[in-house]
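Chain by chain, the residues run as shown.
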Amino acid sequence: MDPLHLTTSRHNETLTVAVSGELDIATTELLRTHLLELLQEAGHRHKATLVIEVSKLSFIDAAGLGILVAAQNLALRQRTRLRIAGVPPGMKRLLRITGLDAHFS
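Residues numbered from 1 in each chain as written. Predicted model: local features only at pLDDT ≥ 70, side-chain atom pairs only at ≥ 80, totals over all residues. Heavy atoms only, no water.

Asks: Outline the packing of helix α1 (residues 28-43) against helix α2 (residues 62-77), supporting the account with residue identities and numerical values.
Replies: One can describe the packing of α1 onto α2 by two numbers: an axis separation of 10 Å at closest approach and a directional angle of 10°. Considering the angle they form, α1 stands roughly parallel to α2. Note that α1 runs across α2; the crossing there is right-handed. Mapping the contact onto sequence places Thr28, Leu31, Arg32, Leu35, Leu36 and Leu39 in α1 and Ala63, Gly64, Ile67, Leu68, Ala71, Leu74 and Ala75 in α2. (Axes fitted to C-alpha atoms, helices over the stretch in contact; angles between N-to-C directions. Helix = DSSP H or I, 4+ residues; strand = E, 2+ residues; numbered from the N terminus. Parallel < 35°, antiparallel > 145°, perpendicular 65-115°, else oblique. Left-handed = near helix turned anticlockwise from the far one by under 90°. Contact = heavy atoms within 4.5 Å.)

Structure, rendered in structure tokens:
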């Protein structure tokens, strides 16, 4: 098992969280809490963008996808742009199969 690790950086109006390790039912709460904090911060910035960088994500399950969808929904409600960057091939396939690829472009 590869533990979930989050690294956050800020540049101008872009908040980036790099996610590495396994995102599954056991680790989603850590990411959910962190994304909620970042979205709250982004909500106080003018034209902020939240980027979730996932190139080092080794695994994602349905619970992990659910957290990303919930974050996207909250971002839309508060008019914060949310992007997913560095999507590995396996995750691209999963997003395409579930129809979520259109939501994270």
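Continuing now.
Asks: Go over the sheet that holds strand β2 (residues 14-23) with me, naming the residues and quoting the values.
Replies: Taken together, the four strands give an open sheet; going across it, the order is β1-β2-β3-β4, and neighbouring strands pair in mixed fashion. In this open sheet, the two edge strands, each paired with only one partner strand, are β1 (5-11) and β4 (81-85). Each adjacent strand pair in this sheet contributes to an overall mean axis angle of 20°, direction not counted. Summarising the sheet, β1 and β2 pair through seven bridges and their orientation is antiparallel. Looking across to β2, one finds that histidine 11 is bridged to threonine 14. (Pairing = 2+ DSSP bridges.)

Asks: With reference to specific residues and values, describe the pattern of salt bridges.
Replies: With the rule as written, the count across this model stands at two salt bridges. For glutamate 29, the salt bridge is made with arginine 32, and the minimal N-O distance between the two is 2.7 Å. Of the two residues, glutamate 29 and arginine 32 both sit in helix α1, three residues apart, roughly one turn of that helix. On the basis of relative accessible area, glutamate 29 is assigned to the partly exposed category, the value being 44%. By relative accessible area, arginine 32 is classed as partly exposed at 34%. (Salt bridge = Lys/Arg side-chain N within 4 Å of Asp/Glu carboxyl O. Buried < 20%, exposed > 50% of the residue type's maximum accessible area, 1.4 Å probe, protein only.)

Asks: Got a sec to walk through unusual backbone geometry? Specific residues and values, please.
Replies: Notably, asparagine 12 is not glycine yet its phi reads approximately 50°, a positive angle. Among the secondary structure elements, asparagine 12 is positioned in the loop between β1 and β2. By relative accessible area, which is 60% here, asparagine 12 ends up exposed. In the Ramachandran plot, arginine 79 falls in the positive-phi region, its phi being about 65° despite a non-glycine side chain. The exposure class assigned to arginine 79 is exposed, which follows from its relative accessible area of 77%.

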